[in-house]
Amino acid sequence: MPFRPKVNETIQIDKIEYRFVEHPSSQGVPYALAGERSTIYQLQDEHGERYALKVFTLAYRSPQIAQQAEQIAALQSIPGLEACRRRVIIPAEQAELVITHPELRYAVLMPWLPGHTLEELFSEEDTLTHEQRLMAAKKLAETLAQIEAQGMVHGNLKPSNLLVDLSASNEVAIHLVGLEGISSVSSGKSEESLLTTSENEPLDAEGSDFEARSDRLTGAMLIAALLSGEMVQDDESSQERLSDLLDDEWGSQICDLFELAITSMTPTDCPPFSHWVDALGKLLESQEIIERKQDEPNSDN
């Protein structure tokens, strides 16, 4: 039976009471985001802090969800990976809750992260400014570079798994979600693989090297989308046009990185994310220098 909570219905996790929040545009309907394998509900605690409760469909409820949460917990301090801070509802620890709501077995409690997906962002009339797009792209590249440096892969980089948040002070932040595919290359296992296979063959050196770089193409697509303000399409003509756009607006180094990524035969041939960080950092630094010079008083006066 699917989980169907009511607005303002409450549940207790670790003796803390949470209530289901009403959808802002649908009276009497809980705030929920449905996907193929799970539904995410917005909760609120007694202090008004908001959380996300990810409830998996029956086929994907597994003790391995708790194991994966432990594996990625150390990543929660990396900016952009706040969704790694999660509490899994384990039946032995939350017996009363699971007896009342068996659908919540191995559900995941996480921070509610603000922001819009790229599809939502690009559909709005007031999109990001030139500087905000550059900052968002650099922050995404930094997050992906740190994941890569940890010997891990996200495994499911796509526009719907990237949230871009613009604060009241126009500061930009990014959040990666959809972390069920994140895994350590050394183990070769992710939650998704553990849910669908009983055992995994160990990766050889070549396989590990390939796996460690498997985010590079999809990550480059997201970085290019942020910089250009539009989605990267699969067809060659669209990618050539986007390459010209990146060259005109951001220069040859960014264009070269994008072209190398989309023409690479394997992920191992794609530029590492550290190269994107360096290139975007130089752009940001040069832009800041220009802005400082513009703010300086005219020396002739």
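We now turn to the structure provided with this report. What you see is a predicted model, and the numbers here were worked out from it, not measured in a lab.

Some remarks on the sheet that holds strand β12 (residues 162-166)
Taken in spatial order, the three strands of this open sheet run β10-β12-β13, and their pairing is antiparallel. The sheet is open, and its two edges are formed by β10 (116-117) and β13 (172-176), each paired on a single side. Taken together, the two bridges between β10 and β12 define a ladder with antiparallel strand orientation. When the bridges of β12 are listed, threonine 117 appears paired with leucine 163.

Observations regarding the environment of threonine 100
Looking at where threonine 100 falls in the secondary structure, it is placed in helix α2 (residues 95-100). A polar contact of 3.0 Å, which involves the side chain of threonine 100, links it to the backbone oxygen of glutamate 96.

So, helix α4 (residues 130-149)
Look at α4: 29 Å from first C-alpha to last across 20 residues, which is about the 28 Å you get at 1.5 Å a residue. Among all positions of α4, only Gln132, Arg133, Leu134, Ala136, Ala137, Lys138, Leu140, Ala141, Thr143, Leu144, Ala145 and Ile147 are buried. Once α4 finishes, glycine 151 follows within two positions and takes phi at roughly 70°, a positive value.

Focus: unusual backbone geometry
One non-glycine residue, lysine 15, adopts positive backbone phi at about 65°. In this structure, lysine 15 sits in the loop between β1 (10-13) and β2 (16-20). The class for lysine 15 is exposed, based on a relative accessible area of 80%. With phi around 65°, tyrosine 106 is a residue other than glycine that occupies positive phi space. Following the sequence through the fold, tyrosine 106 ends up in the loop between α2 and β9 (108-111). Judged by its relative accessible area of 10%, tyrosine 106 falls in the buried class.

Details of the packing of aromatic side chains
Following the criterion strictly, the structure yields five aromatic pairs and no others. Members of the aromatic cluster, connected to one another through ring pairs, are Phe3, Phe20 and Tyr41.

Criteria and thresholds
Residues numbered from 1 in each chain as written. Predicted model: local features only at pLDDT ≥ 70, side-chain atom pairs only at ≥ 80, totals over all residues. Heavy atoms only, no water. Pairing = 2+ DSSP bridges. Helix = DSSP H or I, 4+ residues; strand = E, 2+ residues; numbered from the N terminus. Polar contact = N/O pair within 3.5 Å; in protein donor to acceptor, adjacent residues only side chain to side chain. Expected span 1.5 Å × (residues − 1). Buried < 20%, exposed > 50% of the residue type's maximum accessible area, 1.4 Å probe, protein only. Phe/Tyr/Trp six-rings, centres within 6.5 Å; stacked < 30°, edge-to-face > 60°.

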